[in-house]
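Summary of the model geometry
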Amino acid sequence: CETCSKEAAKYRCPRCMKYSCSLLCVKKHKLALSCNGVRDKTAFVSVNEFTDLNLLSDYRFLEDVGRTADAAARHPTVYSPSEKKLLNCLRNRARRCDIDLRMLPVGFTKRRENSTTFNFMEKKFYWHLKLIFPHCCSEYTLEGVPDDKTLADILKPYIDPVESDPVVCQRLKIYTASPQSDVRILMKIENRKQNSVRYDELDASRSLLDNLKGKIIIEYPTLFVVLKTLKNDMVVLGQDASEAAENSDSESSSLSSMEEGEIRDSS
């Protein structure tokens, strides 16, 4: 047994391949290694260790994927005319407000939980909004947020020392104890490379609609509430030296290529 090292092993964990002698040792190893005991169907297997059982397992895994994809394609909302009409309406209204609103396929979590609507009488969006407080590892979901509400008013129930809920205030005490001038609201810029994540800094005194103009929104806005002194790992667009260096390098390379082209033309 690899847990107690006393008794002969009787069981082998399908996930981490650890040997155990009893149910107690099985539970101990799961707790110590954060192992769920479920075999990882996508785990890497070298060619030398690949057997017929691995081949059969891969075949069954692909069959399960095919059934799941087929079930998603048969979902009633995929071809629902009313659903398509609603999504097209939201996209068109957002485009009129200079917002590039994009929807995910059916089955994605953000597609299922999105509750954004547009009120034709008021000509106003009521957004599904997610607030993430990374310094406290907390996040909150808001529904029906009017687009004319300022970001400062949206955050008051969470980080305002007076108006916030006592339970929320205690959970987010690092924010409530900091000066309001140190609070920054960031939103991730979509359609960038994974190794080039950047954020836009939003203006808390302006409305949600004004802050979303000119930006790409996938399903609904997700706002990161950070503190000025602790946001070192979140790079704001236009405020990092490395990006400026990259731009200057690209400009210099383009200029050098243009000069080389001129030299060739003159020769």
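Residues numbered from 1 in each chain as written. Predicted model: local features only at pLDDT ≥ 70, side-chain atom pairs only at ≥ 80, totals over all residues. Heavy atoms only, no water.

One pass over the full model with this rule turns up eight aromatic pairs. An angle of 80° between the planes, with centres 5.2 Å apart, marks the rings of Phe118 and Phe120 as edge-to-face. Under the relative-accessibility criterion, Phe118 is labelled buried at 14%. What makes Phe120 partly exposed here is its relative accessible area of 47%. Plain terms: the ring middles of Phe118 and Phe125 are 4.9 Å apart, the flat faces sit at 70° to each other, and that makes the pair edge-to-face. Note on Phe125: relative accessible area 0%, which makes it buried. Here the aromatic residues Phe118, Phe120, Phe125 and Trp127 are joined through ring pairs into a cluster of three or more. The ring of Tyr220 has Lys110 lying over it, and the distance from NZ or CZ to the ring centre is 4.8 Å. (Phe/Tyr/Trp six-rings, centres within 6.5 Å; stacked < 30°, edge-to-face > 60°. Buried < 20%, exposed > 50% of the residue type's maximum accessible area, 1.4 Å probe, protein only. Lys NZ or Arg CZ within 6 Å of the ring centre and 35° of its normal.)

Let's shift gears to the confidence of the model for the chain. When pLDDT is low, close inspection of the predicted coordinates is not appropriate. When pLDDT is averaged along the chain, the result is 81; 85% of the residues meet or exceed 70. Mean pLDDT across the elements of the chain bottoms out in helix α9 (residues 241-266) (43) and peaks in strand β2 (residues 19-20) (92). Ignoring residues within four places in sequence, the model shows residues 241-267, a span with pLDDT below 50, making five contacts including any to other chains. (pLDDT = per-residue confidence, 0-100. Helix = DSSP H or I, 4+ residues; strand = E, 2+ residues; numbered from the N terminus. Contact = heavy atoms within 4.5 Å.)

Counting through the fold element by element, His128 comes out in strand β5 (residues 124-133). Relative accessible area serves as the criterion here: at 1%, His128 is assigned to the buried category. A distance of 2.8 Å separates a polar atom in the side chain of His128 from a polar atom in the side chain of Ser115. Not counting residues up to four positions away in its chain, the partners in contact with His128 are Glu113, Asn114, Ser115, Thr116, Thr141, Leu142, Glu143, Tyr220 and Pro221. (Polar contact = N/O pair within 3.5 Å; in protein donor to acceptor, adjacent residues only side chain to side chain.)

The next thing to look at is the pattern of salt bridges. In the structure shown here, the tally under the stated rule is twelve salt bridges. A salt bridge links Glu113 to Lys130; its shortest N-O distance comes to 3.7 Å. You can see Glu113 sitting in helix α4 (residues 109-113) and its partner Lys130 sitting in strand β5, a full 17 residues away along the chain. Judged by its relative accessible area of 29%, Glu113 is partly exposed. Three or more residues joined by partner-sharing salt bridges are found here, namely Lys41, Asp64 and Arg67. (Salt bridge = Lys/Arg side-chain N within 4 Å of Asp/Glu carboxyl O.)

Let's shift gears to the pairing of strand β10 (residues 222-227). By the criterion of burial, β10 is predominantly enclosed, with six of the six residues buried. Side chains Thr222, Phe224 and Val226 project from β10 onto one buried face, and the interleaved Leu223, Val225 and Leu227 project onto a second face that is buried too. As paired strands, β5 and β10 are joined by three bridges and run parallel to one another. Bridging across to β10, Ile132 finds its partner in Phe224. Two elements, strand β7 (residues 183-188) and β10, share five bridges in a ladder whose sense is antiparallel. The residue of β10 that forms the bridge with Ile185 is Val225. (Pairing = 2+ DSSP bridges.)

Along the chain, Tyr220 falls in the loop between β9 (216-218) and β10. Since its relative accessible area comes to 3%, Tyr220 is described here as buried. With 107 residues separating them along the chain, Tyr220 and Glu113 place their C-alpha atoms 9.6 Å apart. Beyond its immediate sequence surroundings of up to four residues, Tyr220 is in contact with Lys110, Glu113, Asn114, Thr116, His128 and Lys130. In terms of polar contacts, Tyr220 uses its side chain to reach the side chain of Glu113, at 2.3 Å.

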